[in-house]
Amino acid sequence: MNLKFWDKKKKIKLDEKEDKPAKRIPLRKYTKGGKISSLTALGSLVMIVLAVLISTLMRGHAGIYVGLMLFVSLIASAIGFGIGIKSFDEENRFMRYTYIGTIANAAIWIFILGIYLIFV
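Residues numbered from 1 in each chain as written. Predicted model: local features only at pLDDT ≥ 70, side-chain atom pairs only at ≥ 80, totals over all residues. Heavy atoms only, no water.

> What should I look at first to understand the side chain of serine 37 in this one?
Mapped onto the elements, serine 37 comes out in helix H2 (residues 32-57). Setting aside residues no more than four positions away along its own chain, serine 37 makes contact with Gly80, Ile83, Gly84, Gly101, Thr102 and Asn105. (Helix = DSSP H or I, 4+ residues; strand = E, 2+ residues; numbered from the N terminus. Contact = heavy atoms within 4.5 Å.)

Pasting the structure below:
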């Protein structure tokens, strides 16, 4: 038996294989609803931080305005969650912002709802 046939085959080592350079994906290739949902989550988060900051600076006597800010943030996050769920139907698009926006809006919505349920 001649084993030279087996010796001629190239062995591919996976460790030496070079990775392809990372490509930058343009923003227009992402889902439109995902981008809107992510921006809605960011806006809701900013409103929550502002409400907490105002309440802290006024030492708990901020009044109804902080509650209204959180209520608007609750409604905005629910709308953003719906837009994020709807954007899963878009085809041939990247879904990164869809996942980010949907999960963030759901977490914000549950957080604010929990705050209202605890203090009511």
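What follows picks up the thread again.
> What should I look at first to understand the packing of aromatic side chains in this one?
What characterises a pair of aromatic rings is the spacing of the ring centres plus the angle enclosed by the ring planes. For the coordinates displayed, the defined rule picks out three aromatic pairs. On the numbers, 5.9 Å between centres and 55° between planes, the contact of tyrosine 30 with phenylalanine 94 is tilted. Highlighted residues: tyrosine 30 in the loop between helix H1 (4-8) and H2 and phenylalanine 94 in the loop between helix H3 (64-86) and helix H4 (96-119), separated in sequence by 64 residues. Note on phenylalanine 94: relative accessible area 41%, which makes it partly exposed. Taken together, a centroid distance of 4.8 Å and an interplanar angle of 65° make the contact between tyrosine 30 and tyrosine 97 edge-to-face. In this pair, tyrosine 30 is assigned in the loop between H1 and H2 and tyrosine 97 in helix H4, connecting sequence segments 67 residues apart. On the accessibility criterion, tyrosine 97 (28% relative accessible area) is partly exposed. (Phe/Tyr/Trp six-rings, centres within 6.5 Å; stacked < 30°, edge-to-face > 60°. Buried < 20%, exposed > 50% of the residue type's maximum accessible area, 1.4 Å probe, protein only.)

> Help me understand unusual backbone geometry in this model?
Across the chain, the bulk of peptide bonds are trans and the bulk of non-glycine residues have phi less than zero. Positioned with a positive phi, arginine 59 is a non-glycine residue whose angle comes to about 55°. Residue position: arginine 59 is located in the loop between H2 and H3. Here arginine 59 falls in the exposed class, since its relative accessible area comes to 72%.

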